[in-house]
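Chains, contacts and geometry: an overview
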Amino acid sequence: KSYYNKAFEAASNTEQKAKCMYMLAKCERNEYYNQNIYSRPDQWENQEKAAQFISWNTFKRLKNEFSDTKYYREVINECGYFKRFVNGRN
């Protein structure tokens, strides 16, 4: 996560910044799941229920600050979570 933050600060254009922001979003999501679902054996039985959608702060930044980038459109096509966020189904 710290390397993606450093890369974001060093990025020279919005496409690079958008890529860094998406990678930070993946880190944010994985941290949540590791801390709240996968580390708790009682959650394995109800993963569908426990793995509810969350509007990650980095998703909000990606949408608000980088929606004019080509990479933003790629993320919508590649990431169901982000597509759901953008379409307001959270």
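Structure shown above.
Residues numbered from 1 in each chain as written. Predicted model: local features only at pLDDT ≥ 70, side-chain atom pairs only at ≥ 80, totals over all residues. Heavy atoms only, no water.

Quick word on the packing of aromatic side chains
Which entries qualify depends on this criterion: Pairing of aromatic rings covers Phe, Tyr and the six-membered ring of Trp, with a centre-to-centre limit of 6.5 Å; geometry is then stacked below 30 degrees between planes, edge-to-face above 60, and tilted otherwise. For a ring to carry a charge above it, either NZ of a lysine or CZ of an arginine must fall within 6 Å of the ring centroid while also lying within 35 degrees of the normal to the ring plane.
Following the criterion strictly, the structure yields 10 aromatic pairs and no others. Aromatic rings pair up to connect Tyr32, Tyr33, Trp56 and Tyr81 into one cluster. The ring of phenylalanine 8 is capped by lysine 17, whose NZ or CZ atom sits 4.4 Å from the centre of that ring. Its guanidinium or amino end placed over the ring of phenylalanine 85, lysine 63 lies 5.4 Å from that ring's centre, counting from NZ or CZ.

Some points on the nonpolar core
In globular proteins that are soluble, nonpolar side chains generally tend to be buried together. Formally: The definition of a nonpolar core used throughout is a set of buried Ala, Val, Leu, Ile, Met, Phe, Trp, Tyr and Cys residues joined through side-chain atoms within 4.5 Å. Each residue gets one of three labels from its accessible area relative to the maximum for its type: buried under 20%, exposed over 50%, partly exposed in between, using a 1.4 Å probe on protein chains only. By definition, any uninterrupted DSSP run of H or I lasting at least four residues is a helix, any uninterrupted run of E lasting at least two residues is a strand, and each is numbered from the N terminus. Any pair of residues with heavy atoms lying within 4.5 Å of one another is described as a contacting pair.
Ranked by internal contacts, the top residues of the largest apolar core, which has 17 residues, are Tyr22, Phe59, Leu62, Phe66, Val75, Cys79 and Phe82. Listing elements by their share of this core, those giving two or more residues are helix H2 (14-38), helix H4 (57-66), helix H5 (70-78) and helix H6 (80-86). Contact partners of cysteine 79, with chain neighbours within four places excluded, come to Tyr22 and Phe59.

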